[in-house]
Each structure stands twice: as structure tokens, then as C-alpha cells.
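Here's the letter readout for the chains.
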Amino acid sequence: MKLISICPSNTELVGYLGLTSSLLAVDDYSDWPEEVCHLPRLGSDLHIDMDKVERLEPDLVLASLSVPGMERNIEELKKRNIPYVIVPNPKTLTEVGESLRFVGNVTDTQVKANELYMKYNQLLEQFRLISKKVEKKKTIYWEWWAKPIFTPGAYNWLTEISELAGGKNVFDDVKKASVQTDWEDVKNRNPDVMSIIWVGVQTKRVNPKVILKRSDAEQMAAVQNNQLYILEEPLFCRPSPRLLLGLSKIASILHPELYPVFVEGEDPLLTND
């Protein structure tokens, strides 16, 4: 089956299912697995070159509505009669796992997808069990955009990840998926840990001094205790099973005495038991 993915999280689902070799092309932001980095590019996920997609004659395009504006991609695919499916947009870690089964069904890799789905949920359960042993949860502030400040609220997988890692999202009282706020509000909540994951920005391009220069930042608990982290955005902001790696990383930061050591480059979902 000749596939095209026009969303990074869909490309990652394809990678987990062992179908990377079936990909003809991907969007500009897809960067995992490493093999996709050599594939033809179709433009950003909001500005896909549909002429190029049409010329490649895919059997199936894996589309998405995870970002506002992606509706234009769907309209163009329909107009050109290019075969496509919309991979459901997960809101929870459980739904992320279900995305594996969805893509497995449409690519005829159900057996592999079900195996991964089972293992994915087993790994989540392991973190759930460890989190119950945490005596003092650390509060976490997640920043995924700086101007204006955006942070996840209650209805977001980062709140789930916080809890499974033995922590608590400081904005989990706001009943939204995404919260626009300001620095004064963040300061008043005074988190134990600050995790900076600016969407679409490479980690090396995020300068912690930008945060430290904000008013009274040096008085905050996270800064005083050297708990300001610039983390890899793809491990926390894309709805794919790689969120397990993000969970593992933040858990090892919050409670290294309880959780397994995070090993760069190792993916428990892809290792043989």
C-alpha cells in the first residue's frame, strides 16, 4: 500500500506499525522515524502541496484535524478524489493508543496494531502503579507557547502525564484543553518544576534566559531549586505513542528514586520483552 502522511503524529503511528517503507512522502514537520527524513516533503501540515500529492498517486493519505486550519487539506483531498482517512484526534492517552488500532485497520496491519496497543496500555499501567507510591506530588508548569503564554488545562494528556509521573499540572483546575494565561498567573501558582516545550520549536533554539528574564522569575521555587527544563517538544505535544517517552522522561526528573531511568534513544514500546 502506497501511503502519504500529512501530519507528524500520523507519520509516527506509521513508524510504530513498521510501515515507513510504504510512505511516498510526508509533511515538512515529520521527523520520526529517522528514515522519513529522506522522503519527499509536501509542505507544512497547514500548507500541503496537493498538486504533488496528486502526482504521487497514493493508495491512501493519512490526514488529520488535530490543528485548526487542517480542514483545507480535507477539502482539497475530497475535491481531487484522492483516497484519504482522517485519523481521529486523541484527547487522552487512552485515545492515543486507540489511534494505533485505527491506522492498523486502514492499513491492514491489525495484528501488529493490536500487539502494540496491548503493550502500550501495559506500560501506562506500570506508570499508574508507580504513581500511587508517590508521597508528595510535585507541581508542574508546562509552557507550550510564550507570547501569549499557552499552557495545558485539565482536558489534556499533559495533565494525565503529570499525574502518572507523580506530579500535578498547576493549571489542572482550568476546565479546558489549552489555557491562555499570563506570567503573573504562573508566578502566583509557583510551580515546583517548569517544563518548556514550545510547539514547533527545536529544543536547541529555546533559550532558558527568555524565561529567567521575566519579572521575579528568580523568586520562584522552580528557578531557585534549578528545576527549569527545556524538553523535546515532539515527546510531549504530538498525539502519538511517543508520549510514553515524554512520560518516562518527566517521571525520571520528578521522582528518580521511584521511576525507571530514562534512556535516550530507547523506546520500550519497540523493545522485545
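Small disclaimer: the values here were computed from a predicted structure and weren't measured. Counting restarts for each chain, with residues numbered from 1 along the sequence as it is written. Only residues with pLDDT of 70 or above have their local features reported here, since the model is predicted, and side-chain atom pairs are shown and tallied only from 80 upward, although totals for entire chains, interfaces and linings are computed over all residues. Side-chain numbers here rest on the full set of heavy atoms in the structure, without hydrogens or water.

Enquirer: Is there a simple way to explain the pattern of salt bridges in this structure?
Expert: When the charged atoms of two side chains with opposite charge come close together, those side chains can pair. One side-chain nitrogen of Lys or Arg within 4 Å of one carboxyl oxygen of Asp or Glu is enough to make a salt bridge. Taken as a whole and judged by the stated rule, the model has 16 salt bridges. Among the salt bridges present, the one from R80 reaches E54, with a minimum N-O distance of 2.7 Å. With R80 in the loop between helix 3 (71–79) and strand 4 (84–87) and E54 in helix 2 (residues 50–56), this pair connects stretches of sequence that are 26 residues apart. Residues D172 and K168 are paired through a salt bridge, measuring 3.0 Å at the closest nitrogen-oxygen approach. Each residue's exposure class comes from its accessible area (1.4 Å probe, protein chains only) as a fraction of the maximum for that residue type: buried when under 20%, exposed when over 50%, partly exposed otherwise. Residue classification places K168 among the partly exposed positions, given a relative accessible area of 37%. Linked through salt bridges whose partners overlap, the residues forming this network are D51, E54, E76, K79 and R80. Working definition: helices are DSSP H or I runs of at least four residues, strands are E runs of at least two. Numbering for both runs from the N terminus.

Enquirer: Which parts of the structure should I look at to understand helix 3?
Expert: Because an α-helix completes one turn every 3.6 residues, residues spaced three or four positions apart along the sequence face the same direction. Considered for burial, the residues of helix 3 that qualify are N73, I74 and L77. Projection of helix 3 onto a plane perpendicular to its axis shows the buried side chains occupying an angular sector of 100°, all on one side. In helix 3, the exposed residues that point more than 90 degrees away from the buried face are E75, K78 and K79. Next to the buried residues of helix 3 lie helix 2, strand 3 (60–64) and strand 4. In the segment just after helix 3, N81 is the residue with positive phi, at about 55°. Regarding the arc, it is the one traced by the directions from the helix axis to the C-beta atoms. Whether two residues touch is decided by their heavy atoms; if any such pair falls within 4.5 Å, the residues are in contact.

Enquirer: Just to check I follow, could you spell out the packing of aromatic side chains for this structure?
Expert: Any pair of aromatic rings gets described here by the distance separating the centres and the angle formed by the planes. Here a Phe, Tyr or Trp ring, Trp counted by its six-membered ring, pairs with any other such ring whose centre lies within 6.5 Å, and the pair is stacked when the planes are under 30 degrees apart, edge-to-face when over 60, and tilted otherwise. Scanning the entire structure with this criterion turns up four aromatic pairs. Relative to W32, the ring of Y16 lies with its centre 4.9 Å away and its plane at 40°, an arrangement referred to as tilted. One end of the pair, Y16, is in helix 1 (residues 8–16); the other, W32, is in the loop between strand 2 (23–26) and helix 2, and 16 residues separate them in sequence. Summarising the burial analysis for this pair, Y16 and W32 share the class buried. A centroid spacing of 5.8 Å and a plane angle of 20° characterise the contact between F127 and Y259, whose relative ring orientation is stacked. Residue F127 is found in helix 5 (residues 110–131), and its partner Y259 is found in the segment after helix 11 (243–254); the two are separated by 132 residues along the sequence. Above the ring of Y117, the side-chain terminus of R101 is found at 3.9 Å from the ring centroid. The rule for a charge over a ring is simple: NZ of Lys or CZ of Arg within 6 Å of the ring centre, and within 35 degrees of the ring normal. Above the face of the F171 ring, R189 is positioned so that its terminal group lies 4.0 Å from the ring centre.

Enquirer: When you look at the sheet that holds strand 9 (residues 193–196) in this model, what are you seeing that I'm missing?
Expert: Either a parallel or an antiparallel arrangement is found when strands of a sheet pair, and the pairing is made through backbone hydrogen bonds. A pair of strands is treated as paired once DSSP finds two or more bridges between them. Across the sheet, four strands lie side by side as 7-5-9-10; this open sheet has parallel pairing. Strands at the two margins of the open sheet, each flanked by one partner only, are strand 7 (167–169) and strand 10 (228–230). With direction set aside, neighbouring strand axes in the sheet form an average angle of 30°. Bridge analysis of strand 5 (residues 138–143) against strand 9 gives four bridges, and the strand direction is parallel. Directly across from E143, in strand 9, lies its bridge partner I196. Lines are fitted to the C-alpha atoms to define the axes, a helix being fitted only along its stretch in contact, and any angle between axes, read from their N-to-C directions, falls within 0 to 180 degrees. Strands strand 5 and strand 7 of the sheet are contacted by helix 6 (residues 157–164), whose axis makes an angle of about 160° with strand 7.

Enquirer: Hey, could you run me through the sheet that holds strand 3 in this one?
Expert: What the four strands build is an open sheet, ordered 2-1-3-4; its pairing is parallel. This sheet does not close on itself; its edge strands, each paired only once, are strand 2 and strand 4. Strand-to-strand, the axes of this sheet are offset by a mean angle of 20°, without reference to chain direction. Where strand 1 (residues 3–5) lies against strand 2, three bridges are found, and the strand directions are parallel. Counterpart to L3 in the pairing with strand 2 is L23. Of the strands in this sheet, strand 1, strand 2, strand 3 and strand 4 touch helix 1, which is tilted by about 130° from strand 3.

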